[in-house]
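Below, each chain spelled out in residue letters.
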Amino acid sequence: RYVVRCLKTKAWLLSKIGELDQAKDVYESIIKSNNFIWAEYGLAQIMVKQEDYSRAETLLNSIITKDPDQLEAKDLLAEIFKKQKNISGAQSLLKDAIKLSPNSLLRQKELGDLCAINNEQGDALLAYRKMHKLSDQSIYAKPEQTYAFANFLAVKAKDSDDKTTNPDIKEAFDLLESTKK
């Protein structure tokens, strides 16, 4: 019972100190004897650090197939898709994850960014507004998130005929004022 816990901690520590090949070996030995999802996820993290996205994607898809509620696996797979310029795939994964856990500020921020890249302004606006609402109660809130939202609104409003009455501009200024508090 304690052997597996020790191996898990050893693999985690090896990963943290940059000994990725050794950490990979430990995770693979755990998977051979016990098919733990956490070991597959740890191995997938190593694969991402080593830029072996194909193997990481295979592991993460396996995890999600076994347990569709594994949010961390969806987040990491979305990160891989984003690095591979598969923005639609990343966006779809984050939308699924948000259905399960709608109150994740960081996930909402990432979804807003992806929707903005895909020029889906309505979805981006919803995600950014949710992110801003969540920021009042989150330890993960940072002023940069509010600035990104305000910038999105400014870019969205740049083609407006009357910038002085555009509600996006007003909302952007209100956001920037709120960061002073």
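The residue numbers shown here count from 1 along each chain, following its written sequence. Reporting in this predicted model follows two pLDDT cut-offs: at least 70 for local features of residues, and 80 or more for side-chain atom pairs to be given and counted; totals over whole chains, interfaces and linings ignore these cut-offs and use all residues. Side-chain calculation: all heavy atoms of the structure are included, whereas hydrogens and water are not.

Visitor: Just checking my understanding: could you explain a nonpolar patch on the surface for this structure?
Guide: Think of a patch as exposed residues, more than 30% relative accessible area, with no salt bridge, where like charges cluster within 9 Å and nonpolar side chains (Val, Leu, Ile, Met, Phe, Trp, Tyr) cluster within 5 Å. Reported accessibility uses the Shrake-Rupley method at a 1.4 Å probe radius. Residues are deemed covered only where the shown protein chains occlude them. By convention in these notes, a salt bridge is any Lys or Arg side-chain nitrogen within 4 Å of a carboxyl oxygen on Asp or Glu. Together, L106, I139 and Y140 give the surface a local cluster of nonpolar side chains, amounting to about 360 Å² of exposed area. Considering the arrangement of structural elements, one finds I139 in the loop between helix 8 (121–135) and helix 9 (143–157). Secondary structure is summarised from DSSP: a helix means a run of H or I of at least four residues, a strand means a run of E of at least two, and numbering begins at the N terminus for each.

Visitor: Mind showing me how you'd approach the packing of helix 5 (residues 71–83) against helix 6 (residues 87–100) here?
Guide: To describe two helices that pack against each other, one gives the angle between their axes and the distance between the axes. Angles shown run from 0 to 180 degrees and are taken between the N-to-C directions of axes, each axis being a line fitted to C-alpha atoms and, for helices, limited to the stretch in contact. One way to put it is that helix 5 packs onto helix 6 with a least axis distance of 8 Å and a crossing angle of 160 degrees. By the criterion of interaxial angle, the relationship of helix 5 to helix 6 is roughly antiparallel. Taken as a pair, helix 5 and helix 6 cross one another with a handedness that is left-handed. Together, L71, K74, D75, L77, A78, F81 and K82 of helix 5 and I87, G89, A90, L93, L94, D96, A97 and L100 of helix 6 make up the contact between the two elements. The nonpolar class holds Ala, Val, Leu, Ile, Met, Phe, Trp, Tyr, Cys and Pro. Asp, Glu, Lys and Arg form the charged class, and all remaining residues, Gly among them, are polar. Residue classes in the contact of helix 5 with helix 6 are distributed as 10 nonpolar, one polar and four charged. When an angle is under 35 degrees it counts as roughly parallel; over 145 it counts as roughly antiparallel; between 65 and 115 it counts as roughly perpendicular; any other value is oblique. By convention, the crossing between two helices is left-handed when the near helix turns anticlockwise from the far helix through less than a right angle, and right-handed when the turn is clockwise. Contacts are residue-level and defined by heavy atoms, with any inter-residue pair within 4.5 Å sufficient.

That is the geometry; function is a separate question.
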